[in-house]
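# Remarks on the overall topology
The primary structure of each chain is shown beneath.
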Amino acid sequence: MNTQEVEKIYRLANLSLEGKDTDLLANKFNTVIDFIEDIFTVDTDEVNMTELIPNHKAIFREDEAKESITRDEALANAEDTEFGYFRLDWKL
């Protein structure tokens, strides 16, 4: 990941890069990405599963419809809206 990709991620997340070192952030992102790639290379063929979802005795609640906020309330702090929806600039 390079600094331009870091800048794009921050813009898409509507976060400020002010006062941040984009080279340092790119290195941190790359460290995490490298770690994830290492995890995918681990051979787990001989490892027994230790946890299975069917073994859980989860107690589920019934879904209940509840009052929600209005569209205007949801969009009140949006930077940009269009036709009653959030508008994102995908060309960043």
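Residues numbered from 1 in each chain as written. Predicted model: local features only at pLDDT ≥ 70, side-chain atom pairs only at ≥ 80, totals over all residues. Heavy atoms only, no water.

Looking now at the overall build of the protein. When helices and strands are tallied, the protein shows three helices and two strands. Along the protein, helices (α) and strands (β) appear in the sequence α-α-α-β-β when read from the amino end. Relative to the globule expectation of 12 Å for 92 residues, the C-alpha radius of gyration of the protein, 21 Å, shows a markedly less compact shape. Along the first, second and third principal axes, the C-alpha atoms of the protein reach 55 × 50 × 25 Å. Expressed as a percentage of its 92 residues, the buried residues of the protein come to 8%. Look at the contacts in the protein between residues 6 or more apart in sequence, and 26% of them connect residues 24 or more apart. Of the roughly 9,200 Å² that the protein leaves accessible, carbon and sulfur atoms contribute 53%. Charge-centre separation for the protein: the mean point of 10 positive side chains lies 6 Å from the mean point of 22 negative side chains. (Helix = DSSP H or I, 4+ residues; strand = E, 2+ residues; numbered from the N terminus. Rg over C-alpha atoms; globule rule 2.2 N^0.38 Å. Buried < 20%, exposed > 50% of the residue type's maximum accessible area, 1.4 Å probe, protein only. Contact = heavy atoms within 4.5 Å. Areas by Shrake-Rupley, 256 points an atom, 1.4 Å probe, with all protein chains shown as cover. Lys, Arg positive; Asp, Glu negative; His and termini not counted. Charge placed at Lys NZ, Arg CZ, Asp CG, Glu CD.)

Further remarks concern the packing of helix α1 (residues 3–12) against helix α2 (residues 22–40). Packing of α1 against α2 brings their axes to within 9 Å, and their N-to-C directions diverge by 90°. The orientation of α1 with respect to α2, classified from their angle, is roughly perpendicular. Judged by residue contacts, T3, V6, E7 and Y10 of α1 engage T22, D23, L25, A26 and F29 from α2. In terms of residue class, the contact of α1 with α2 is built from five nonpolar, two polar and two charged. (Axes fitted to C-alpha atoms, helices over the stretch in contact; angles between N-to-C directions. Parallel < 35°, antiparallel > 145°, perpendicular 65-115°, else oblique. Nonpolar A, V, L, I, M, F, W, Y, C, P; charged D, E, K, R; others polar.)

Inspection of the entire model under this criterion finds three salt bridges. Residue R61 pairs with D63 through a salt bridge whose shortest N-O separation is 3.8 Å. Like R61, the residue D63 is exposed in the burial classification. The salt bridge partner of R87 is D80, with a shortest N-O separation of 3.0 Å. A residue is classified by how much of its surface remains accessible, and R87, at 40% relative accessible area, is partly exposed. A network of salt bridges, in which partner residues are shared, links D80, E82 and R87. (Salt bridge = Lys/Arg side-chain N within 4 Å of Asp/Glu carboxyl O.)

Of the residues making up α1, those classed as buried are T3, V6 and Y10. Along α1, the residues classed as buried sweep out an arc of 55° about the axis, all on the same side. If you follow the buried residues of α1, they end up packed against α2. The N-cap residue of α1 is N2: its side-chain oxygen and the backbone nitrogen of Q4 are 3.1 Å apart. Where α1 terminates, the next one or two residues include N14, which has phi positive at roughly 55°. (Arc of directions from axis to C-beta. Polar contact = N/O pair within 3.5 Å; in protein donor to acceptor, adjacent residues only side chain to side chain.)

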